[in-house]
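Fold and geometry: a report
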Amino acid sequence: MCIRRANLDAMWSREPNTVKANLSRLRQDYFECVSIFPFPPPIPDMANHQMEDRVGMKSAVWTLEVSRRGGKNASNVQWGTVRKTPTWMGNLHDAGANYSNDSIAGGDTAKKYISDSPVGGKWFQRFMHGMKLRMGVIRIQDEALTSEMVLAVDEVAEREWRNGSDRDKRMMEGTMVAMLVEYGAALRGEELQMVRVEGVVQFGEDAKRSKYGSHTVWALQGKFKAEKQEQWHCLPIADETKSNLPFRKWFDRMEYRVLKVEGRKEGWYFTEEDGSRAKFTYYNASFKELIMKVKELYPRVILPAADVENFSLWRSPRRGAITTATVEQ
């Protein structure tokens, strides 16, 4: 059953009109040429008379089984999850005794290497394409934050901060600064964890007294998307904005905690209670709680039909920042 499904996916990877056009041309050429030339037509035997796996069928069957797993936003996992299975299969194949260093194209940046991995063949690639066409791609993007949402979140967070314990205040400061930095600098969630204490401190006082207006320089160390080596990135965020976003208030609160309360002079800026490096996921639950309360208290800011689960520090602030910048151009 799985083999039949894999073969059907491979066949349906080509557009029906393309297949019909190829078949029509085959018939036309065949009847014309066999009536003229006496030698056998150059048409190969289409059957494989040996019981063997020449196209990666075992890998295809595994991939099909993975596609049957339960999904988060649909009954089954999405294509983006399924395609990771052939990826690890190919990497594992090339990491072992089958590794080949022979190249078929030279160049400093675009060298291609020979591999006999079953998931790299033409049939398997067609199978994967046909499978993608059959499954479809459902994209549920993070909702974009607006400046009105940020201000509403600030009101809720301010009450939570004033009435909370020191532990609650630490989490609230981290959550708000994470949201504001991502929104103000249009950062992706995974880039937040690159902020360094020594970088922020180095530019701190000069940035506040800048002739161009008080601002904060967020210094990140690491690799951004599509970069090949680690380097420093200095991103300024102005204290005063047209939307009156509370950057300075929350930045000062977290700066006091990092430098004075915890006495940190270097290392990662965002950390968990045990001092380990904090990722955006560490603050995501707190962020969603704030969004939920904003939705309940300010229905005109976040519409009742909006799903809170679609808000996340992974992309919501960045999407909102980009949208706002585009509109203001």
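Note that the coordinates shown come from a computational prediction; the quantities given were computed from them, not determined experimentally.

Regarding its fold elements, the protein presents twelve helices and four strands. Relative to its length of 329 residues, the protein is extended, with a C-alpha radius of gyration of 28 Å against a globular reference of 20 Å. In terms of principal-axis extent, the alpha carbons of the protein reach across some 90 × 45 × 40 Å. A total of 329 residues make up the protein; the buried ones form 36% of that total.

Mapped onto the elements, Glu173 comes out in helix H8 (residues 166-185). Take Glu173: its relative accessible area is 3%, and that puts it in the buried class.

Take the pairing of strand E3 (residues 215-222) next. For a regular strand, side-chain orientation follows a simple rule: the groups alternate between the two sheet faces. Most of E3 sits out of view: seven of its eight residues are buried. Across eight bridges, the pairing between E3 and strand E4 (residues 231-238) is antiparallel. Bridged to His215 within E4 is Ala238.

The next thing to look at is the packing of aromatic side chains. On inspection of all chains with the given rule, the structure shows eleven aromatic pairs. Consider the rings of Trp218 and Tyr269, whose centres lie 5.1 Å apart with planes at 80°: the pair is edge-to-face. Placement of the pair is Trp218 in strand E3 and Tyr269 in the loop between helix H10 (247-261) and helix H11 (280-297), with a sequence separation of 51 residues. Each ring, one from Tyr282 and one from Tyr283, has its centre 5.0 Å from the other, and the planes form 75°; the classification is edge-to-face. Counting every residue linked through ring pairs, the aromatic cluster contains Trp218, Phe247, Phe251, Tyr269, Phe270, Tyr282 and Tyr283. For Lys169, the ring lying beneath its charged end belongs to Trp161, and the centroid distance is 4.6 Å. Lying across the ring of Trp314, Arg315 places its NZ or CZ 4.1 Å from the centre.

For the rest of this paragraph, the subject is the packing of H8 against helix H12 (residues 316-328). Put simply, H8 and H12 touch, their axes get as near as 7 Å, and they point 35° apart. Where H8 crosses over H12, the two elements pack in a sense that is right-handed. On the side of H8, the interface is formed by Met179, Glu182 and Tyr183, while H12 contributes Pro317, Arg318, Gly320, Ala321 and Thr324.

Further remarks concern the pattern of salt bridges. Under the definition given, this model contains 21 salt bridges. Of the charged contacts in the structure, one is a salt bridge between Arg257 and Glu173, with a shortest N-O distance of 2.6 Å. Of this pair, Arg257 sits in helix H10 while Glu173 sits in helix H8; the two residues are 84 residues apart in sequence, bridging distant segments of the chain. In this structure, Glu198 engages Arg196 in a salt bridge whose closest nitrogen and oxygen atoms are separated by 2.9 Å. Within this structure, Asp154, Glu158, Arg162, Lys249 and Arg253 form a network of salt bridges that share partners.

To continue, consider a nonpolar patch on the surface. Nonpolar side chains collect at one region of the surface, where Leu23, Leu26, Tyr30, Phe31, Val34 and Ile43 lie side by side and expose about 560 Å² of accessible area between them. Note on placement: Ile43 falls in the loop between helix H2 (16-34) and helix H3 (57-66).

This brings us to a positive patch on the surface. On the surface, Arg83, Lys84, Lys132 and Arg139 cluster together to form a positively charged patch. Structurally, Lys132 is set in helix H6 (residues 122-135). A relative accessible area of 35% places Lys132 in the partly exposed class.

As a further point, take H10. Along its 15 residues, H10 runs 20 Å from first to last C-alpha, staying within 8% of the 21 Å computed at 1.5 Å per residue. All of the buried residues along H10 are Phe247, Arg248, Trp250, Phe251, Arg253, Met254, Arg257, Val258 and Leu259. Here the buried face of H10 lies against helix H7 (147-163), H8, helix H9 (197-208), E3 and E4. In the segment just after H10, Gly263 is the residue with positive phi, at about 65°.

Here the focus is the side chain of His215. Following the sequence through the fold, His215 ends up in strand E3. Among the polar contacts listed, one links the side chain of His215 to the backbone oxygen of Gly213, at a separation of 2.9 Å. Excluding residues that lie within four positions of it along the chain, His215 makes contacts with Ala207, Lys208, Ser210, Pro236, Ile237, Ala238, Asp239 and Arg248.

Formed by 47 residues in total, the largest nonpolar core has its most connected members in Leu145, Met179, Trp218, Tyr269 and Phe270. When contributions to this core are tallied by element, the ones reaching two or more residues are H7, H8, H9, E3, H10 and H11. With residues up to four places along the chain from it excluded, the contact list for Met179 reads Leu145, Val150, Val153, Phe287, Leu313 and Pro317. Core analysis: the next-biggest nonpolar cluster, separate from the first, contains 15 residues, Ala6, Ala10, Trp79 and Phe127 among them.

Okay, H12 next. Every α-helical turn comprises 3.6 residues, leaving residues that sit three or four positions apart pointing alike. For H12, which comprises 13 residues, the first-to-last C-alpha distance of 18 Å matches the rise-based estimate of 18 Å (1.5 Å per residue) to within 8%. Within the span of H12, buried status applies to Ser316, Pro317, Arg318, Gly320 and Ala321.

What counts and how
Residues numbered from 1 in each chain as written. Predicted model: local features only at pLDDT ≥ 70, side-chain atom pairs only at ≥ 80, totals over all residues. Heavy atoms only, no water. Helix = DSSP H or I, 4+ residues; strand = E, 2+ residues; numbered from the N terminus. Rg over C-alpha atoms; globule rule 2.2 N^0.38 Å. Buried < 20%, exposed > 50% of the residue type's maximum accessible area, 1.4 Å probe, protein only. Pairing = 2+ DSSP bridges. Phe/Tyr/Trp six-rings, centres within 6.5 Å; stacked < 30°, edge-to-face > 60°. Lys NZ or Arg CZ within 6 Å of the ring centre and 35° of its normal. Axes fitted to C-alpha atoms, helices over the stretch in contact; angles between N-to-C directions. Left-handed = near helix turned anticlockwise from the far one by under 90°. Contact = heavy atoms within 4.5 Å. Salt bridge = Lys/Arg side-chain N within 4 Å of Asp/Glu carboxyl O. Patch = residues over 30% accessible without salt bridge, like charges linked within 9 Å, V, L, I, M, F, W, Y side chains within 5 Å. Areas by Shrake-Rupley, 256 points an atom, 1.4 Å probe, with all protein chains shown as cover. Lys, Arg positive; Asp, Glu negative; His and termini not counted. Charge placed at Lys NZ, Arg CZ, Asp CG, Glu CD. Expected span 1.5 Å × (residues − 1). Polar contact = N/O pair within 3.5 Å; in protein donor to acceptor, adjacent residues only side chain to side chain. Core = buried A, V, L, I, M, F, W, Y, C linked by side-chain atoms within 4.5 Å.

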